[in-house]
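# Coordinates in review
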Amino acid sequence: QVQLVESGGGLVQAGGSLRLSCTASRSIFSIDAMGWYRRAPGKQRELVAVITRSGNTNYADSLKGRFIISRDNAKNTVYLQMNSLKPEDTAVYYCAAPFYEGGYWGQGTQVTVSS
C-alpha cells in the first residue's frame, strides 16, 4: 500500500505559477507510472500529465508547454510545475499511481486561478 499526499495548491492570479507536490508514504521506485489529474467544477476528472519511471512524459494537449511533470524517486515525490495559469485551470488536482495495485489516489489539492 502507498498513501499519496498533495500540497502546494492555493489561489493565484491568471498568468501566475504554482508548483504542486505529491509525497508518497513509501518508495515509489517500483511504481512505473505516476500522474496528475484534475477535476474542474461541473466536469469529469481528466488527465493532466503522466511520467514513467524512466522519465517518459505525456501531457494533455491543451497543457503542453505550460505544465511540467517531474519525479524524484529518492524523495518519494512527484511534482507538477504549472505556469501561465488560466482561470479554466481552476480545479482540484489529484496525484495518482493509476496502474499500481489497482490504483492509488491522493485526496486532492485545490487550485483556484482568478482573472
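Residues numbered from 1 in each chain as written. Predicted model: local features only at pLDDT ≥ 70, side-chain atom pairs only at ≥ 80, totals over all residues. Heavy atoms only, no water.

### Brief notes about the packing of aromatic side chains
Given two aromatic rings, one states the distance between the centres and the angle between the planes to describe the pair. Heads up, the rule is: Stacked, edge-to-face and tilted labels apply to pairs of Phe, Tyr and Trp rings (six-membered ring for Trp) whose centres lie within 6.5 Å, assigned for plane angles under 30 degrees, over 60, and everything in between, in that order. Any Lys NZ or Arg CZ found within 6 Å of a ring centre and within 35 degrees of that ring's normal is scored as a charge over the ring.
Taken as a whole, this structure holds two aromatic pairs when the rule is applied. Measuring from ring centre to ring centre gives 6.1 Å for Y100 and Y104, while their planes differ by 40°; the resulting arrangement is tilted. The cationic tip of R45 hangs over the ring face of W105; the distance from NZ or CZ to the ring centre is 3.8 Å. In this structure, R53 is placed above the aromatic ring of F29, and the distance from its NZ or CZ to the ring centre is 3.8 Å.

### Examining the pattern of salt bridges
To be explicit about the condition: One side-chain nitrogen of Lys or Arg within 4 Å of one carboxyl oxygen of Asp or Glu is enough to make a salt bridge. Here's how the labels work: a residue is buried when its accessible area is under 20% of the maximum for its type, exposed when over 50%, partly exposed in between, all with a 1.4 Å probe on protein chains only.
Counted under the stated rule, the structure contains four salt bridges. Here R38 and E46 are joined by a salt bridge, their closest N and O atoms 2.7 Å apart. A relative accessible area of 7% means that R38 is categorised as buried. Here the salt bridges do not stand alone but share partners, grouping R38, E46, R66 and D89 into one network.

### Some thoughts on the side chain of T109
Stated formally: Runs of E in the DSSP output that reach at least two residues are strands. Runs of H or I that reach at least four are helices, and both are numbered from the N terminus. Side-chain atoms alone can form a polar contact between residues adjacent in sequence; in general such a contact is a pair of N or O atoms within 3.5 Å, and within protein one must be able to donate a hydrogen while the other accepts it. Here a residue-residue contact requires only that any non-hydrogen atoms of the pair lie within 4.5 Å.
Along the chain, T109 turns up in strand β11 (residues 109-114). Among the polar contacts listed, one links the side chain of T109 to the backbone nitrogen of G9, at a separation of 3.3 Å. In contact with T109, other than residues within four places in its own chain, are E6, S7, G8, G9, L20, A91, V92 and Y93.

### As for the state of the cysteines
Put simply, the rule reads: Here, the term disulfide refers to a pair of cysteine sulfur atoms separated by no more than 2.5 Å.
Counted under the stated rule, the structure contains one disulfide. Each sulfur in the disulfide pair C22 and C95 lies 2.0 Å from the other. On the sign convention where negative is left-handed, the bridge of C22 and C95, at about -75° about the S-S bond, is left-handed. Linking C22 in strand β3 (residues 18-24) with C95 in strand β9 (residues 91-97), this pair joins segments that are 73 residues apart in sequence. Under the relative-accessibility criterion, C22 is labelled buried at 1%. A relative accessible area of 0% means that C95 is categorised as buried.

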